[in-house]
Amino acid sequence: MIVAIVALAVHSLCLAINLPEEEGVLITSTSVEYSSNPLGIDNPRPRLSWILGSDERNQKQSAYQVKVASSLPLLARPDIWDSGKVDTDQSVLVPYGGPPLLSRTRYYWTVRVWDSHGHTSAWSKPSWWEMGLLSEQDWHAQWIGLDRPLALPTELSKYNVPALLTQGRTQGQSFISDKPFTSAAALIPTFVTTNSGMTLSLYLGGPDGHLIASQRFDNHPDNAWATLKLDKPALPGKYYLEESDPTGQIGWWSYDRGGYSYGKAYADGKPTAGNRKIRWDVTASQTKEDISPQLRKEFLATKEIKAARLYVTALGLYQAEINGHRVGIDFLAPGWTNYNKRVQYQTYDVTDFVHPGENAIGVTLAPGWYAGNIGSFGPGQYGPMPYLLSQLELSYSDGSIERIVTDNSWKSKIGPIVYSDLIMGEHYDARNETPGWSLPNFDDTEWKVVAVKQDVRTRLVAQVDPPVRIERELKPVAITEKKPGMYIFDLGQNMVGTVKLRVSGKAGQVISIRHAEVLNSDGTLYTANLRTAKATDVYILKGMGVEVFEPSFTFHGFRYVEVTGSDIQPEIIGRVLHTAAPFTMSFTTNVPMLNQLQSNITWSQRGNFLSTPMDTPARDERLGWTGDIAAFAGTATYNMESARFLSKWLTDLRDTQSPKGAFANVAPNVDGLGIGEAEAGWGDAGVTVPWILYERYGDLQILEQNFDAMTKWLLYLKENSTDYLRPETGYGDWLNINDETPKDLIATAFFAHSAAIVAKAARILGKDPAPYEELFAKIRNTFNSSFVLTDGKLVSDTQTAYVLALSMDLLPTSLRKSAADRLVDLIKNKDWHLATGFLGTPQLLFALSENGYTDVAYRLLLQTSFPSWGYQIDKGATTMWERWDSIKPDGAFQDESMNSFNHYAYGSVGEWMYQNIAGIRLGSPGFQKIVIRPSPDDKVRNANSRYDSPYGPIEVRWMEDGEHLSLDASIPVNTDAEIWVPTLKKRKIKGDGAQFLYEKDSYTVYQAGSGQYHFSVR
């Protein structure tokens, strides 16, 4: 039962429980599962955390006591759990230890602590958490959706087998189109060869039917569409596309598991198993399928309502309303998961929206990731249309519960959203609006009864990651009218989200809103790099004064917006959407370029942390690539509280793991996209990301949840190696600058690195680390015998090869210096420029600074010519680019097939900046032990930083002018720090109460407990 909020007087009484006469520490904030007062969680043992404050130095927690009760008045004598006094300094992620928790129940809790002197703090302000629905039996709702016949598909999007075509043979695919079409296309592999070709022919009916069109394709690009264009549209009917007359190595991407009911694969004119990847372009007027319905139900609340909760989710996206009020402020719920395995649901407190008597609930559905386009693979990857599952529970004052659930008593109708897609955009016809549709007594006589979907076999889980929300708005910084009626708005910042449009005009007037990251030289939108993503929203006016359009079920990556179709200059505001986790890092220096770099890093994190860690938010991709987040996780966890977001994603990743242990390259994954098993540096994210989360947050549960998957990945790597040498496959050091590192070297290095991490994880979890330590030693020996020369040089003389060997501890101690020296030589040979790609860049500066070359690391960081971080900024970047030269030195754009201007991988340099410029380093998991060690440079003369750690804010501020250095540090309560003060050639140091430890490497090292400290060096 949900407990109602009680009077403020009772609340104040609880606050006054056992107030001490003397207070050494106080509890400044509390959280449950990283969140304040979370609603609808399903962790059976939620973890409780609290942050402490004190004006006294060297304060720590020596013990705690937690009380949990079913109501605020009972906290004084809790009826659920009293931990008693627990002698420990643990104040982060303390597991609830009481009796089993119940569905739908709110639990109130408070905590007090004993400080380092044994004094007791005041009790914390009471907080709460509320459980969601913990078992399948708690759900009484059915999946419902729009009851209407669906158009036949226009694409067979799944593929996993490149079917080779040999001389004298044919292969084909039959299909049925219920609309006229103008072309038919096949996805053709040439197996990494050139000068390969074949003929495509279209027949009516089947292999023996009438020939409609034929076309020869010579020197066909690998893995590209071959499109057979028709002289006139083909009428609806059954057709057969055939591939014949091969030259070179050529085939047809196919899918060996079938699943298409309206045609068959053929080989030599006879049906065969599976299907082939094909698409046919229906005429323009037939391209959009309106599957974004409104669903509604009226209900009667018969008693006084004490509380009301809405438990809701969708296959697709939803937005709910009750009695005319929008429920929540979340967007794109329930987020992206593998809907065939699990779907996240959300819980909302709707007590204020429901009242005794007549009520109504309405929900708008949209295709989202379930039925809309995913990447460039087409729509309907999980299903053809969206469905809703909703359970509104009314808790009456007499203790009874009434449920209003989705079933066949609901009605549905297509409303003003006539088309919606995350990648293509949203089309909204305001003339079709249905005012009052979520209010009682609305006339829905023309609405149809919904369809009930009976075959859903997925697991419902409470949402783990923070919701997607509008976190800020941006106003245009410039507006130009390129030609009459075409307005270009510059928002001044590459961002992710949508725009709010204010416009007026005649009924039926069509306003088109296009989005782009950059402009062409003539000031028009550059959209070639979006590939097939239309990124276009359309608004059709109803002709009633000033109208406002805010898309609900799409998002775009853009800085520039083109609006056409308006007779007057419209108004727009950019609405920034991202996963609503708090940002935890501030970082500024005296170098404007570095400050802009930090801004670019955080804006790319905003834009790409949206339900899943994406690789680019603009083009037709937006996938959770493992390699990208593996590169960026170290930086991400400094900048934003990422534990919940990446924990959810790691579940997505585990969902992709095959029985033999291989992860997919992307997560969530859809079977049949042809992306395949994860490669070196990509699949290792299943090991490195859990480890980074453990280090940053001290979260053992993350290691426990992922350990089995980590060990299965190692087993997969071992079984697919030869004497611990990994094969020469994979993406390699992706997008390096003409400095290709052999893929077997890269793969073997990452194999060793993963083994070393698993060994450490095993030790922490109380498991035997020996098998993984032995595995690491064997891989390390193989790496040395295969790739390392006796003088410390590598057989592959590339920057990335040395970076991996040094950063992953793959070299004997005696060879580390010579390897580091050679890395510097390679950088010098490129005129002090880097040449690394996605795998080498994250550890490049660390490999230098940790081996005595901090000066070279700074030289690379501050470089402004191509390739460098500064080069991107000099070219106007406001987010991180996918390529070092997405805009080339001559101003031309890079290859449009893969050229994102918002791609966080190279933002991985942030981690080095925070540890070496800010000087905030990890001393123990979760930052309970801290190392403050800034590394000044002759150009970087000051830094001001704050990191909100799990124990509270760590602040470091330093300034150096060549003759004097000052350093100020603030250390949170319940932590301690080693503070490394740069000594400036042995000048005099004045400390401020910290304990001197030793001198080392031009630093004087102090031990400090919590509090504020100032150091001066003259």
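Residues numbered from 1 in each chain as written. Predicted model: local features only at pLDDT ≥ 70, side-chain atom pairs only at ≥ 80, totals over all residues. Heavy atoms only, no water.

A few words on the overall build of the protein chain. Within the protein chain one finds 15 helices and 59 strands. The C-alpha radius of gyration computed for the protein chain amounts to 30 Å, which stays within 12% of the reference 31 Å derived for 1018 residues, consistent with globular compactness. With respect to the principal axes defined by its C-alpha atoms, the protein chain has extents near 90 × 80 × 60 Å. Across the 1018 residues in the protein chain, those meeting the buried criterion constitute 61%. Long-range contacts, defined here as pairs at least 24 residues apart, represent 74% of the contacts in the protein chain between residues at least 6 apart. (Helix = DSSP H or I, 4+ residues; strand = E, 2+ residues; numbered from the N terminus. Rg over C-alpha atoms; globule rule 2.2 N^0.38 Å. Buried < 20%, exposed > 50% of the residue type's maximum accessible area, 1.4 Å probe, protein only. Contact = heavy atoms within 4.5 Å.)

Ordered in space as β1-β3-β6, the 3 strands form an open sheet in which the pairing is antiparallel. Because the sheet does not close on itself, it has two edges, and the strands there are β1 (26-32) and β6 (94-95). (Pairing = 2+ DSSP bridges.)

The packing of two helices is summarised by the inter-axis angle and the distance between the axes. Axis separation between helix α3 (residues 592-608) and helix α15 (residues 909-916) bottoms out at 10 Å; the angle between their running directions is 130°. Comparing the axis directions of α3 and α15 gives the class oblique. Taken as a pair, α3 and α15 cross one another with a handedness that is left-handed. Along its contact with α3, which presents L594, L597, Q598 and I601, the element α15 presents V909, G910, M913 and Y914. Taken together, the residues of the contact of α3 with α15 sort by class into 6 nonpolar, 2 polar and no charged. (Axes fitted to C-alpha atoms, helices over the stretch in contact; angles between N-to-C directions. Parallel < 35°, antiparallel > 145°, perpendicular 65-115°, else oblique. Left-handed = near helix turned anticlockwise from the far one by under 90°. Nonpolar A, V, L, I, M, F, W, Y, C, P; charged D, E, K, R; others polar.)

Looking now at the UniProt feature "domain: Bacterial alpha-L-rhamnosidase N-terminal" (unreviewed entry) in the protein chain. Mapped onto this numbering, the UniProt entry annotates "domain: Bacterial alpha-L-rhamnosidase N-terminal" (unreviewed entry) at residues 303-471. The distance separating the terminal C-alpha atoms of residues 303-471 is 38 Å; by composition the span is 2% helix and 47% strand. (UniProt positions renumbered as here; feature names shortened; annotations may be inferred.)

Next up on the list: the nonpolar core. General note: in soluble globular proteins, nonpolar side chains tend to be found buried as a group. Core analysis: the biggest nonpolar cluster contains 212 residues, and L594, L597, L848, L861, M913 and I917 have the highest contact counts within it. Broken down by element, this core gets its largest block of residues, 13 residues, from helix α8 (residues 743-764). With 27 residues, the next largest nonpolar core counts Y318, V354, V363 and L388 among its residues. (Core = buried A, V, L, I, M, F, W, Y, C linked by side-chain atoms within 4.5 Å.)

Our focus in this paragraph is the packing of aromatic side chains. Scanning all chains against the criterion turns up 54 aromatic pairs. Between the aromatic rings of F442 and W447, the centroid separation amounts to 5.8 Å while the plane-to-plane angle is 80°, which identifies the pairing as edge-to-face. F442 gets classed as buried once you look at its relative accessible area, which sits at 19%. Where W869 meets W884, the ring centres are 5.3 Å apart and the plane angle is 80°; that geometry is what we call edge-to-face. A residue pair is termed long-range when its members are at least 10 positions apart, and W869 in helix α14 (residues 869-874) and W884 in the loop between α14 and α15 qualify at 15 residues. Of the residues examined, W869 reaches a relative accessible area of 1% and is grouped as buried. For the cation-ring pair, R106 lies above W128, with the distance from its terminal atom to the ring centre recorded as 3.5 Å. Positioned over the ring face of W225 is R279, at 4.0 Å from the centre of the ring. (Phe/Tyr/Trp six-rings, centres within 6.5 Å; stacked < 30°, edge-to-face > 60°. Lys NZ or Arg CZ within 6 Å of the ring centre and 35° of its normal.)

Taken as a whole and assessed by the stated rule, the structure comprises 4 cavities of 30 Å³ or more. Of the pockets and cavities examined, the largest cavity occupies roughly 80 Å³. Residue lining of the largest cavity: 15 residues in total, with P334, G335, Q463, P467 and V468 positioned closest to the centre. Per element, the largest residue contribution to the lining of the largest cavity is 3 residues, and it comes from strand β27 (residues 342-349). Looking at side-chain class alone, the lining of the largest cavity contains 8 nonpolar, 5 polar and 2 charged residues. (1 Å grid on protein atoms, 1.4 Å probe; cavity = no way out; pocket = protein on both sides within 12 Å on 5 of 7 lines; lining within 4 Å. Points joined across faces, edges and corners; volume = space filled by probe spheres on them.)

So, about the side chain of T110. As for its placement among the helices and strands, T110 is situated in strand β7 (residues 106-114). In this structure the side chain of T110 is engaged in a polar contact, spanning 2.8 Å, whose partner is the backbone oxygen of S124. Each residue touching T110, except ones within four places of it in the same chain, is listed here: Q65, V66, K67, L75, W123 and S124. (Polar contact = N/O pair within 3.5 Å; in protein donor to acceptor, adjacent residues only side chain to side chain.)

Further remarks concern the pattern of salt bridges. Across all of its chains, the model carries 49 salt bridges by this definition. Put simply, D821 and K817 hold a salt bridge, and the shortest N to O gap is 2.9 Å. Placement of the pair is D821 and K817 together in helix α11 (residues 813-829), with a separation of 4 residues, close to one helical turn. Residue classification places K817 among the exposed residues on the basis of a relative accessible area of 60%. Three or more residues joined by partner-sharing salt bridges are found here, namely R531, R619, D620, E621 and E882. (Salt bridge = Lys/Arg side-chain N within 4 Å of Asp/Glu carboxyl O.)

Across the 9 residues that make up strand β23 (residues 293-301), a large majority, 7, are buried. Pairing of β23 with strand β31 (residues 411-414) involves 4 bridges; the strand directions are antiparallel. Residue pairing for β31: L295 is matched across the bridge by S412. Relative to strand β28 (residues 357-366), β23 is paired through 8 bridges, and the arrangement is antiparallel. In the sheet register, Q294 faces β28, and the bridge partner there is T364.

A cluster of nonpolar side chains, F996, L997 and Y998, forms an exposed patch at the surface whose accessible area comes to about 260 Å². With respect to the secondary-structure elements, Y998 resides in strand β57 (residues 995-1000). Assessed through its relative accessible area of 32%, Y998 is described here as partly exposed. (Patch = residues over 30% accessible without salt bridge, like charges linked within 9 Å, V, L, I, M, F, W, Y side chains within 5 Å. Areas by Shrake-Rupley, 256 points an atom, 1.4 Å probe, with all protein chains shown as cover.)

A few words now on α3. Look at α3: 24 Å from first C-alpha to last across 17 residues, which is about the 24 Å you get at 1.5 Å a residue. The buried count for α3 comes to 13 of 17 residues, which makes it a mostly enclosed element. (Expected span 1.5 Å × (residues − 1).)

Moving on, we come to unusual backbone geometry. Of note, the amide linkage connecting A667 to P668 takes the cis form, showing an omega dihedral of 0°. By the secondary structure assignment, P668 is in the loop between α5 (643-656) and α6 (685-697). Here F866 and P867 are connected by a cis peptide whose omega angle stands at -5°. Structurally, the position occupied by P867 is in the loop between α13 (854-861) and α14. Phi at N441 is positive, roughly 65°, even though this residue is not glycine. Mapped onto the secondary structure, N441 falls in the loop between β33 (425-429) and β34 (448-449). Of the residues examined, N441 reaches a relative accessible area of 58% and is grouped as exposed. Look at W832: it is not a glycine, yet its phi comes out positive at around 60°. Assignment of secondary structure puts W832 in the loop between α11 and α12 (841-849).

Now for the environment of G274. Along the chain, the position of G274 falls in the loop between β20 (270-272) and β21 (275-276). Considered as a pair, G274 and S254 are 20 residues apart in the sequence and their alpha carbons are 7.2 Å apart.

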